[in-house]
Amino acid sequence: MKSLKDKDGLLCLLTDKVDHELLDAAPKLKAVSTFSVGFDHIDVPACTARSVAVTNTPGVLTESTADFTWALLMAAARRVVEGDAYMRGGKYKGWDPLMILGTDVAGKTLGVVGFGRIGQAVAKRATGFSMKILYYDTRRADPAHEAALGAKFVSMDELLAESDYVSLHTVLDASTRHLIDAKAFAKMKRSAYLINAARGPIVDEKALVKALKTNRIRGAALDVYEWEPKMAPGLASCRNAVLAPHLASATLETRTKMGQMSAQGLIDSLAGRRSPYRVA
Ligand code: DGY
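Residues numbered from 1 in each chain as written. Predicted model: local features only at pLDDT ≥ 70, side-chain atom pairs only at ≥ 80, totals over all residues. Heavy atoms only, no water.

J.: Looking at this model, I keep getting lost on the nonpolar core. Mind explaining?
T.: In a soluble, globular protein the nonpolar side chains are often hidden away together inside. Judged by nonpolar contacts, the single largest core of 35 residues is most densely connected at Trp70, Leu72, Leu110, Phe115 and Tyr165. For this core, the elements supplying multiple residues, two or more each, are helix H3 (62–77), strand S4 (109–113), helix H5 (117–127), strand S5 (132–136), strand S8 (193–196) and helix H10 (252–270). At eight residues, H3 tops the list of elements feeding residues into this core. Split by domain, this core shows at least three residues from each of two domains, domain 1 (2–60 + 251–270) and domain 2 (62–243). In contact with Phe115, not counting residues within four places along its chain, are Gln120, Ala123, Tyr135, Tyr136, Asp137, Ala141, Leu149 and Ala151. Leu194, Val203, Leu212 and Ala220 belong to the second-largest nonpolar core, a separate cluster that totals 31 residues. (Core = buried A, V, L, I, M, F, W, Y, C linked by side-chain atoms within 4.5 Å. Buried < 20%, exposed > 50% of the residue type's maximum accessible area, 1.4 Å probe, protein only. Helix = DSSP H or I, 4+ residues; strand = E, 2+ residues; numbered from the N terminus. Domains from an automatic or database assignment. Contact = heavy atoms within 4.5 Å.)

Written as structure tokens, this is what we have:
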């Protein structure tokens, strides 16, 4: 914090909290640029009140995040991580018809919660698996986008009740914190999977551990955690969970572009230009 005292610009990560305390410690700050698309770690109204411009990296990680969401979904459904451990543990003694049985993906129902850029990119991939696509958002999407993806707008309850795979793509704010809680798990099919590559606190992680341990749902695949980098007690021992360390945008190509965009956003704001990546 001390080093911020005389700085005009801050390039931060999603792990840096930009709040009143930080802003008080940086009285000369004119611009904050985050190396992320999510900006729930930044108190944007507080920045605006102090005339501090905020920029992020929109759009650049849509495809890599959608790809990774699918990597999680497939890994959970087909028990790829368990299979890998089985091989490395020397347990494989020969083909067996009932060994490590997973769940079909093709032809099943995908429920996309949050139908923005990433949610739609995830849905687009599902068309290749002939899946039925349901989505929930606070606003209905453009009918042309719906039609192109064959996606149906439904209530959150309907999505939870009908989906075989529930994939989260909302922003994190007061309205989405613990959107998936014990009540939501109770509405899901026992055979369903939850995939979260958005933000950890959207899921009540203690309720998730309970749902996994009691087979309330069949499985989960997570890239983000409620108390990141920590996990809720008991999550690590859930064999029906695939756990990744916030890797969805972690490709060389995407991270390189994120670096360029976040630097450009900061340069533009400090030069008094309105950046196309401006959040506020
Ligand atoms: C973001 O940019 O918000 C992502 O969570 C990084 O993977």
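J.: What should I look at first to understand the sheet that holds strand S6 (residues 151–153) in this one?
T.: With parallel pairing, the seven strands of this open sheet are ordered in space as S6-S5-S4-S7-S8-S9-S10. The open sheet is flanked by S6 and strand S10 (241–243), the only strands paired with a single partner. Sheet twist, expressed as the average angle between the axes of neighbouring strands with direction ignored, equals 20°. Relative to strand S7 (residues 165–168), S4 runs parallel, the two being bridged by four bridges. (Pairing = 2+ DSSP bridges. Axes fitted to C-alpha atoms, helices over the stretch in contact; angles between N-to-C directions.)

J.: Even after reading the chapter, I still don't get the pattern of salt bridges, so can you show me in this structure?
T.: Here the idea is simple: oppositely charged side chains can pair when their charged atoms come close. For the structure on display, the rule yields 15 salt bridges. We note a salt bridge from Asp24 to Arg50, for which the minimum N-O separation is 3.0 Å. Note that Asp24 is positioned in helix H1 (residues 20–25) and Arg50 in the loop between helix H2 (44–49) and strand S3 (53–55), a separation of 26 residues in sequence. Assessed through its relative accessible area of 33%, Arg50 is described here as partly exposed. The closest approach of N and O atoms between Glu162 and Lys132, which form a salt bridge, is 3.9 Å. In this pair, Glu162 sits in helix H7 (residues 156–162) while Lys132 sits in strand S5, placing the two residues 30 residues apart along the sequence. Taking relative accessible area as the criterion, Glu162 reaches 32% and is therefore assigned partly exposed. We classify Lys132 as partly exposed; its relative accessible area is 43%. (Salt bridge = Lys/Arg side-chain N within 4 Å of Asp/Glu carboxyl O.)

J.: Just to check I follow, could you spell out unusual backbone geometry for this structure?
T.: Among all residues save glycine, negative phi is the norm, and among peptide bonds the norm is trans. A cis amide bond links Glu228 with the next residue in sequence, Pro229, at an omega value of 5°. When you line up the elements, Pro229 lands in the loop between strand S9 (219–222) and S10. One non-glycine residue, Asn215, lies in positive phi territory at about 55°. With respect to the helices and strands, Asn215 occurs in the loop between helix H9 (205–213) and S9.

J.: Before we go on, may I ask you to explain the site of the ligand in this structure?
T.: Close to the ligand lie Leu14, Ser36, Val37, Gly38, Leu61, Arg199, His246, Ser249 and Met258, which account for all nearby residues. In the environment of the ligand, an oxygen atom lies 2.7 Å from a nitrogen or oxygen atom belonging to the backbone of Val37. At 2.8 Å, a side-chain N or O of Ser249 approaches an oxygen atom of the ligand. Of the residues in the shell around the ligand, the class split is four nonpolar, four polar and one charged. (Near = heavy atom within 4 Å. Polar contact = N/O pair within 3.5 Å; in protein donor to acceptor, adjacent residues only side chain to side chain. Nonpolar A, V, L, I, M, F, W, Y, C, P; charged D, E, K, R; others polar.)

J.: Would you explain the confidence of the model for the protein chain in this entry?
T.: Low-pLDDT portions of the prediction should not be read for the details of their coordinates. On average, residues of the protein chain score 97 in pLDDT, and 100% of them reach the 70 mark or higher. Within the protein chain, the element-level pLDDT minimum falls on helix H6 (residues 143–149), averaging 94, and the maximum on S7, averaging 99. (pLDDT = per-residue confidence, 0-100.)

J.: I tried to follow the state of the cysteines on my own but got confused; where do I start?
T.: Covalently bonding the sulfur atom of one cysteine to the sulfur atom of another cysteine gives a disulfide. What the rule picks out here adds up to zero disulfides. Of the cysteine sulfurs around Cys12, a residue in no disulfide, the closest is that of Cys47, at 8.8 Å. (Disulfide = S-S within 2.5 Å.)

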